[in-house]
Amino acid sequence: MSNRNATRSELVESDTSTYEVIAAATAAVGVLTSTLSFLTLAEIVPFEGGLGGIAMPTVFGAILSLLGVVTIGIGVVSAVGVVETTPDRDAGLVTAGAFGLLWAVVAGLVVSQSLGFGVVVWLPATLAVGVAVLFGAVFPKEDLGSTLPGGALALFAGAVFLTGTVGTGWSWSPPDLQASFTAPVVVPVVGIVGSLVTAWGAAKAHGAFGRRGRQRAAYMAIWLLAALVLTVLLYLLAFVTMKGAGRAFAGIGFGPGLSFNWPFLTNGVSLMEQSPGIWPAVVGTVWLVVGAVMMAVPLGIGAAVFLTEYAEQGRFTQVVEVATNGLWSTPSIVFGLFGYAFLVPRFGNTKSLFAGMLVLSFMLLPLVLITSRESLKSVPDEYRDASAALGVSRWETVRSVVLPAAMPGVVTGVILGVGRIAGETAPLLLVTAGEIFPAKQNAPAVLRSFQVDVVMGPPFLDVSNPALFEASSALPYQLYAIITAGLSSSNIENSLEFAWATAFVLLLVVLSFYAIGIATRTYFRRKISHE
Amino acid sequence: MSEHQTETETEPDRERAAEATEPDAAPSTATATTESASRPEPSTERTTVAGETDETTRPEWVQYDFDGESKLSVHDLDVYYGDEHALKGVSMEIPEESVTALIGPSGCGKSTYLRCLNRMNDRIKAARIDGSVELDGQNVYDDNANLVELRKRVGMVFQSPNPFPKSIRDNISYGPRKHGDINTGLLSRLVGRSDKEAEEKLVERSLRDAALWDEVSGRLDDNALGLSGGQQQRLCIARCLATDPEVILMDEPASALDPIATSKIEDLITDLAEEYTVVVVTHNMQQAARISDQTAVFLTGGELVEYDDTEKIFENPESQRVEDYISGKFG
Amino acid sequence: MSQVTEDDQLTRLQEALDGAATGGIAVSVVAGVCLVGAFASFLLSMPFTVPFLLGFVGVTAYGWFAHQAETARTLMFVATVSTVTVLGLITFYVFLEAAPAFANMGVVELLTRLEQPLWNTETHVYSLVPLMWGTFVTTVLATLVAAPFGVAGALFISEIAPRTVREIIKPAVEVLAGIPSIVYGFIGFTVLNPYMTEKFLLAGQGSLFLAGIVIGFMALPTTVSVAEDAIASVPESMKSGSLALGSTDWQTMKSVTLPTALSGVSAGILLGVGRAIGETMAATVILGTVVELPDPLYDVFGNTITLTSAIAAQYGSAFGLHMNTLFAAGVVLFVTVMGLSIAAQYVEARMQRKLGGDV
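Scoring rules and cut-offs
Residue indices begin from 1 for each chain and proceed along its sequence in written order. Naming scheme: in the order in which they are written, chains are lettered from A and ligands are numbered from 1. Only residues with pLDDT of 70 or above have their local features reported here, since the model is predicted, and side-chain atom pairs are shown and tallied only from 80 upward, although totals for entire chains, interfaces and linings are computed over all residues. Side-chain numbers here rest on the full set of heavy atoms in the structure, without hydrogens or water. The way it works is that DSSP assigns letters per residue, a run of H or I at least four long becomes a helix, a run of E at least two long becomes a strand, and they are numbered from the N terminus. Burial status follows relative accessibility: with a 1.4 Å probe on protein chains alone, a residue under 20% of its type maximum counts as buried, one over 50% as exposed, and anything between as partly exposed. Residue contacts are defined here by distance: any two heavy atoms, one from each residue, within 4.5 Å place the two residues in contact. In these tables, accessible area is a Shrake-Rupley quantity obtained with a 1.4 Å probe, and a residue counts as shielded only by the protein chains included in the view. We call a set of buried residues a nonpolar core when its members are Ala, Val, Leu, Ile, Met, Phe, Trp, Tyr or Cys and they connect through side-chain atoms within 4.5 Å of each other. The pairing test for Phe, Tyr and Trp rings, Trp by its six-membered ring, is centres within 6.5 Å, and the orientation test on the planes gives stacked under 30 degrees, edge-to-face over 60, and tilted for anything in between. Definition used: whenever NZ (Lys) or CZ (Arg) falls within 6 Å of the ring centre and also within 35 degrees of the ring normal, the charge is taken to sit over that ring. By buried area we mean the combined loss of accessible area, with a 1.4 Å probe, across both parts when two parts are placed together. Think of a salt bridge as a Lys or Arg side-chain nitrogen and an Asp or Glu carboxyl oxygen that are within 4 Å of each other. Contacts described as polar in this section are N or O atom pairs within 3.5 Å, which, within protein, must combine one atom able to donate a hydrogen with one able to accept it, while residues neighboring in sequence count only if both atoms come from side chains. Under the convention adopted here, Pro, Cys and the residues Ala, Val, Leu, Ile, Met, Phe, Trp and Tyr are nonpolar, Asp, Glu, Lys and Arg are charged, and Gly plus all remaining residues are polar. Expected span of a helix: the number of residues minus one, times 1.5 Å. Summarising the geometry, the arc corresponds to the directions from the helix axis toward the C-beta atoms. Any two strands are treated as partners once DSSP identifies two or more bridges connecting them. Working convention: axes come from line fits to C-alpha atoms, limited for helices to the stretch in contact. Angles between N-to-C directions cover 0 to 180 degrees. Residues enter a patch when their relative accessible area is above 30% and they make no salt bridge; the linking distance is 9 Å between like charges and 5 Å between nonpolar side chains (Val, Leu, Ile, Met, Phe, Trp, Tyr). Charged-residue counts in this description rest on Lys and Arg as positive and Asp and Glu as negative, His and the chain ends being excluded. Where a charge lies is defined by one atom per residue type: Lys uses NZ, Arg uses CZ, Asp uses CG and Glu uses CD. UniProt positions are given in the numbering used here, feature names are shortened, and annotations may be inferred rather than shown by experiment. Should an angle fall under 35 degrees it is called roughly parallel, over 145 degrees roughly antiparallel, and 65 to 115 degrees roughly perpendicular, with every other angle called oblique. Two helices crossing with the near one rotated counterclockwise from the far one by less than a right angle form a left-handed crossing, whereas a clockwise rotation gives a right-handed crossing.

Peer 1: I'm lost on the overall build of chain C in this one. Help?
Peer 2: Counting its secondary structure elements, chain C contains 14 helices and two strands. Burial statistics for chain C: of 359 residues in total, 55% are counted as buried. Considering only intrachain contacts with a sequence separation of at least 6, the fraction spanning at least 24 residues in chain C is 69%. Only carbon and sulfur atoms are counted for the fraction: they give 69% of the accessible area of chain C, which is about 14100 Å².

Structure follows, in structure tokens:
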């Protein structure tokens, strides 16, 4: 019953060889080159000045040529058997297809743009080159198939840059696109492609090709992608902080006596104001969030408890579930339209804080419901059984056993939801937003304006709060308002700086909610798993 | 399974309850599920055992002389999970083409030991391993060891069946495909070097060897997760055989199965020993006595206490503690 | 759970004998009547909403002290019904307001009209084609960013990153999901638009290309989080099984982990796409918001408007049929995203079944 058919390789391998070192170094140079390309694209490394006095295209041309030559060398050395590697029978259809596509693009551009042939020539030429590269990559063993096409591409690009065909002042305007492609964009982008395909081939060689080589190459690619994503997102945060923090924190300190001053937060905008601020927007956001939470949280938790503890699983719960998920994914602007059509006419045909609260609470509702349901479901049935076995009624069980156990999850859901609605702009445009630069006294004074009147005749009791039914500002709206008003608006000095500071404060508020929410969740999860 | 009556649960109650309510857990596993084979967390290895007598383990108890070649030889193997010393200085020679049973109470480190033999413990980040394990004289813990090659030669069958959510055929041919021994991809079909026939042969032979062919031959394209628990486990054994291993490690392969499925697996293990070196962890002592050629007894604290012919261990052990354990005084 | 039911029935039986339940039911009925009254009054814009609401509060307050269990149950039922009601109201009112626009142009004409004029607020000739095209192009571009990066990021976090790195990055990505879209829009407007003008020598402000890329990065953290959850939910025993057969980590990811998690990963991508389609502020601020088709159609450096940005940019000056047309844009959005949401739920349910072995 033996299956002695499998290939065997060494269980314990020899130490690192020179070949591996060269392959690793090539991959590293490739990665560094792509980093340099990104920095050039982001204008952190200036393109025009060149690097150390050498023009940028020349720099990239030299590196790419070198990478191309070394990568081809690595493949050939492995293919002729100078070093012992374990390449697969072929490089795979995906790899070959990708190389074929890349080369087809190159061929198409060269034949149609540089040589100036019409479609009758360039289309067949493009196809021919693409198919030729595809077959060229498929038929030889993996070591040649995954290094030659990439290396040749880098070499070709290097030659184009070195010969000055594409120089610093080069640009190309495709006839049917509005955009032109200039050297400061094209050179780094080609640099990224060229350095990555060679680095990929070299990473494979470092793992001696075969499945270990594939793993090396794939890991390298994923590390790079993940690093790029994180860098972009963190750079964005850092950028906003850098631009906005100075203005946002300016003048902060203890004023006359014990009073605390934070001009940017506590001032409004008016002609008399020395250092204008965003107080009305801050107050507006606080009230919007408080109002939305007061309405959505009890509803969401109540519905979640009903669905999990009382309702029988069936058509009704299914309908509610579909409705909740639908609500959750409904675009925010549609909520705004709804508020505009339904709420605004009923609140005296003006935009109002209260309408904003309602609309935001509708947006918050599904999130609270979904997260509450999830944490209620994760409370084990044993708790309920144990409580019921002690003769406790269902409601008492829910109140004193199930809800407390589910509370951490619910709280987390609410905090994350609040983070989401605090940054929401679109619906507020339609139902709440008022002045672009409100003065301090125009901040909504909800607490001070409650009025209760007893009137004769229906409806007998008249409760009103004018502040709730007036338009208001909010942090995200404030930012939008500055953009639409034009950044050179004359209302306040240096409104661009003002806008960055607003963006910074908004980011701070929203991300704090998220950070607190996620920290709470991590804390409770740890607590449960380490019981 | 009366030997587990005194075992103290360290898991939180709700987890035990959750496991007990799993629909496919056979009744016989109710006390066996504390030691999760797929993910042995340090906390599950801690067990207090009442009724053990104090004695010092003598080196000659673990000295086992046998004729023929030694397939695996383990020297001074120590495993730490964080601060916990899970396996203490285990040395052991495992003869080829035989069945070696590892027995002992829950938390004695026998599963940990088994997972050291194909370095599956590397998956647990907190684990630290000292000592050496040699497969045919080559140290698998060498810095340059090729893990993939090691696991190809040392196959493993887990406690609960873990087929992939693919067809039965794809489950069997998974290993050889990944090793590049079988190639039926689009490209190889296009250029006419597909190994379709070789694959068919391999699938049939592996399934026959695992005594599953008659039950599934008509539905090789069905999802493997649709099979019964016992069939799934035999599929996992077939999957393991398909990669042509030299050693097969089995971690309580029958603990999640009903008695009929269990006896099928036991027969299979005995057959496999003609060709392969089988190391099987069990805490069912009758099972160990039935199927194994030699038995190693691990006791509390991750210590190998005695290792000898199965008959010798069960009829006349040297160690008082082993005798107590065998006769059910603790465990 | 059956125990609970029995127990509950016993309790209820006893309550009924005491005559207490009748009180509870009465409270529920009165509270329900009050609430329906308040809702009806609000719908019809009558001044009785507040008194009815106060009545509801009063009755439930009494009920809370006298018949807590019954009252709580009623309140929770009300909460559940109100969730469905909200969705119903949204659907009804958005469709209601959009109806005149569809009547004006005809459904097919409004959704497919290609000849000029595409958008004339004087003669009330409208076509949603440029809006839909803008949304389509930005969504495709955003997906091209979010899908590969999202899957790579998810694989990185759950399978490849060392543990310490993972413990920092995972929450960090979740926090980044919270960056408000207007901040992305603002950066696009102040920094990236000028950059594009300089580097690509664009004539005007904004391009579909930039809007798509920015929205893609915006949807990225959500996509990563959802896809990561799906990948992490693949049982460890399955991965161990693959590794123990001697496959590499990468082979295990490619052939076992990803296919098993495929449904969850695609649900994550669908969610990201849904976010991209519904994204308003970034598109509004970055795009030049002109209602015309780019020429040629595939000119991603051209300018047009999206369904969302049309609403946000024009609601202020719109009234009558123009506003109705904006509502029609809302209807198209709503229906599309709802379809995606249902598709995502279906896909996710399939994953559950697959892991259960029913496929």
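On we go.
Peer 1: Can you help me understand the overall build of chain B in this one?
Peer 2: Of the regular secondary structure elements, chain B holds twelve helices and ten strands. Expressed as a percentage of the 331 residues in chain B, the buried residues total 56%. Residue pairs at least 24 apart in sequence account for 70% of intrachain contacts in chain B once pairs closer than 6 positions are excluded. Carbon and sulfur atoms make up 43% of the accessible area of chain B, which amounts to about 13200 Å² in all.

Peer 1: Would you take a moment to explain the nonpolar core for this structure?
Peer 2: If you look at soluble globular proteins, the nonpolar side chains tend to sit buried side by side. The biggest cluster of nonpolar side chains holds 206 residues, and the ones touching the most others in it are I278(A), I90(C), L131(C) and V183(C). A total of 14 residues in this core trace back to one element, the largest contributor, which is helix α10 (residues 279–310) of chain A. Once residues within four sequence positions are removed from consideration, L131(C) is found in contact with W119(C), V291(C), I305(C), T306(C), L307(C), A310(C) and A329(C).

Peer 1: Can you help me understand the packing of aromatic side chains in this one?
Peer 2: For any pair of aromatic rings, the description consists of the separation of the ring centres together with the inter-plane angle of the planes. Within the structure shown, the criterion is met by 33 aromatic pairs over all chains. Note on F239(A) and W500(A): the rings are 5.6 Å apart at their centroids and 80 degrees apart in plane angle, and the pair reads as edge-to-face. Note that F239(A) is positioned in helix α8 (residues 210–249) and W500(A) in helix α18 (residues 495–529), a separation of 261 residues in sequence. Geometrically, the ring pair formed by F342(A) and Y93(C) is tilted, given 4.7 Å between the ring centres and 55 degrees between the ring planes. Placement of the pair is F342(A) in helix α12 (residues 332–343) and Y93(C) in helix α4 (residues 68–105), with the two residues belonging to separate chains. Neither residue differs from the other here; F342(A) and Y93(C) are each classed as buried. In this structure, R420(A) is placed above the aromatic ring of W328(A), and the distance from its NZ or CZ to the ring centre is 5.8 Å. Sitting above the plane of the F164(B) ring, R239(B) keeps its charged end 4.3 Å from the centroid.

Peer 1: Can you walk me through the interface of chain A and chain C in this structure?
Peer 2: How big an interface is tends to be stated in terms of the accessible area lost upon association of its parts. Contact residues are listed per partner, giving 101 residues for chain A and 100 residues for chain C. Both sides of the chain A and chain C interface together cover about 9400 Å² of buried area, and 77% of this is carbon and sulfur. On inspection of chain A and its partner chain C, the count reaches two salt bridges. Note that K199(C) is salt-bridged to E43(A), the shortest N-O span being 3.0 Å. There are 18 residue pairs in polar contact (both at pLDDT 80 or more) connecting chain A and chain C. Counting residues per element, the side of chain A that touches chain C draws most heavily on α8(A), which supplies 18 residues. Taken together, the residues of the side of chain A that touches chain C break down into 74 nonpolar, 14 polar and 13 charged.

Peer 1: Where do I start with helix α4 (residues 119–138) of chain A in this structure?
Peer 2: Turn by turn, an α-helix covers 3.6 residues, leaving residues three or four places apart pointing in a common direction. Residue and element names in this part refer to chain A. Between its terminal C-alpha atoms α4 stretches 28 Å, which fits the 28 Å expected from 20 residues at 1.5 Å a residue. Among all positions in α4, only T126, G130, V133, A137 and V138 are buried. The buried residues of α4 occupy an angular sector of 135 degrees when projected down its axis, which confines them to one face.

Peer 1: Is there a simple way to think about the interface of chain B and chain C in this case?
Peer 2: Taken together, the contacts link 25 residues of chain B with 23 residues of chain C. The contact between chain B and chain C buries some 2200 Å² in all, and 59% of this surface belongs to carbon and sulfur atoms. Viewed at the interface, chain C and chain B are joined by zero salt bridges. Taken together, the connections running from chain B to chain C amount to seven residue pairs in polar contact (both at pLDDT 80 or more). Elements with a minimum of two residues in the side of chain B that touches chain C: α3 (147–153), β6 (154–157), α4 (168–178) and α8 (229–242) of chain B. Among the residues forming the side of chain B that touches chain C, the class breakdown is eleven nonpolar, eight polar and six charged.

Peer 1: It is not clear to me how the sheet that holds strand β3 (residues 99–103) of chain B should be interpreted in this structure. Could you clarify?
Peer 2: Sheet strands pair by backbone hydrogen bonding; their relative direction is either parallel or antiparallel. Residues and elements named next belong to chain B. As summarised here, the arrangement of the six strands in space is β6-β7-β8-β3-β9-β10, forming an open sheet in which the pairing is mixed. Only two strands of the sheet have a single neighbouring strand rather than two, namely β6 and β10 (303–309). Within the sheet, the average angular offset between the axes of one strand and its neighbour, ignoring direction, is 15 degrees. For β6 and strand β7 (residues 247–251), the ladder comprises four bridges, and the chain directions are parallel. Paired with V154 across the strands is V247, a residue of β7.

Peer 1: Is there a simple way to think about the pairing of strand β9 (residues 294–299) of chain B in this case?
Peer 2: Where a strand is regular, its side chains alternate between the two sheet faces. Residues and elements named next belong to chain B. Within β9, six of the six residues are buried, which leaves the element mostly enclosed by the surrounding structure. Burial along β9 is two-sided: Q294, A296 and F298 facing one way and T295, V297 and L299 facing the other are all buried. Inspection of the sheet shows β3 paired to β9 by four bridges, in the parallel sense. Within β9, the residue paired with A101 across the bridge is T295. As paired strands, β9 and β10 are joined by six bridges and run antiparallel to one another. Note on β10: the bridge partner recorded for A296 is Y307. Connecting β9 to the next strand, β10, in antiparallel fashion are three residues, including G301 with a positive phi near 95 degrees.

Peer 1: I tried to follow the pairing of strand β2 (residues 84–95) of chain B on my own but got confused; where do I start?
Peer 2: Both strand β1 (residues 70–81) of chain B and β2(B) contribute to a ladder of eight bridges, which runs antiparallel. Looking at the pairing, V74(B) lines up with M92(B) of β2(B).

Peer 1: Could you clarify how one ought to interpret the sheet that holds strand β5 (residues 138–139) of chain B in this entry?
Peer 2: Strand order in the open sheet formed by four strands is β2-β1-β4-β5 (chain B), with antiparallel pairing between adjacent strands. Bordering the open sheet on either side are β2 and β5 of chain B, each of which pairs with just one other strand.

Peer 1: Please explain a nonpolar patch on the surface as it appears in this structure.
Peer 2: On the surface, L93(A), V131(A), F135(A), F139(A), L186(B), L190(B) and V191(B) cluster together into a nonpolar patch covering about 630 Å² of accessible area. Put simply, the parts of the chain that give the nonpolar patch at least two residues each are α4 of chain A together with α5 (186–190) of chain B. With respect to the helices and strands, F135(A) occurs in helix α4. With a relative accessible area of 43%, F135(A) lands in the partly exposed category.

Peer 1: Mind showing me how you'd approach a negative patch on the surface here?
Peer 2: The grouping of D293(B), D309(B), E311(B) and E315(B) at the surface amounts to a negative patch. Position of D309(B) among the secondary structure elements: in strand β10.

Peer 1: Honestly, the pattern of salt bridges in this entry has me stumped. Any pointers?
Peer 2: For the structure on display, the rule yields 32 salt bridges over all chains. The residue E149(B) makes a salt bridge to R153(B) at a minimum N-O spacing of 3.0 Å. Residue E149(B) and its partner R153(B) are both found in helix α3; the two are separated by four residues, about one turn of the helix. Judged on exposure class, the residue E149(B) and its partner R153(B) are both buried. For the salt bridge of R208(B) with E204(B), the shortest nitrogen-to-oxygen distance reads 2.7 Å. One end of the pair, R208(B), and the other, E204(B), are both in helix α6 (residues 196–209), four residues apart, so they sit about a helical turn from each other. One network of salt bridges, with partners in common, ties together D88(A), E142(A), K204(A) and R214(A).

Peer 1: How should I be thinking about the UniProt feature "transmembrane region" (unreviewed entry) in chain C in this particular structure?
Peer 2: Residue and element names in this part refer to chain C. UniProt records the feature "transmembrane region" (unreviewed entry) for residues 20–42, 48–65, 77–96, 131–155, 175–196, 208–234, 255–277 and 326–347 in the present numbering. Regarding residues 131–155, the helix share stands at 100% and the strand share at 0%, and the terminal C-alpha atoms are separated by 35 Å. In this annotation, residues 208–234 is assigned 93% helix and 0% strand; the end-to-end C-alpha distance for the span is 38 Å.

Peer 1: Got a minute to help me understand the packing of helix α13 (residues 353–377) of chain A against helix α15 (residues 394–422) of chain A in this structure?
Peer 2: Packed helices, taken two at a time, are described by the angle between their axes plus the distance between the axes. Residue and element names in this part refer to chain A. Interhelical geometry of α13 versus α15 gives an angle of 150 degrees and a closest axis separation of 8 Å. It follows from the interaxial angle that α13 and α15 lie roughly antiparallel. Pair α13 / α15 crosses with right-handed handedness. On α15, the residues touching L360, M363, L364, L367, V368, T371, S372, S375 and L376 of α13 are V402, L403, A406, G409, V410, G413, V414, L416, G417, V418, R420 and I421. Taken together, the residues of the contact of α13 with α15 sort by class into 14 nonpolar, six polar and one charged.

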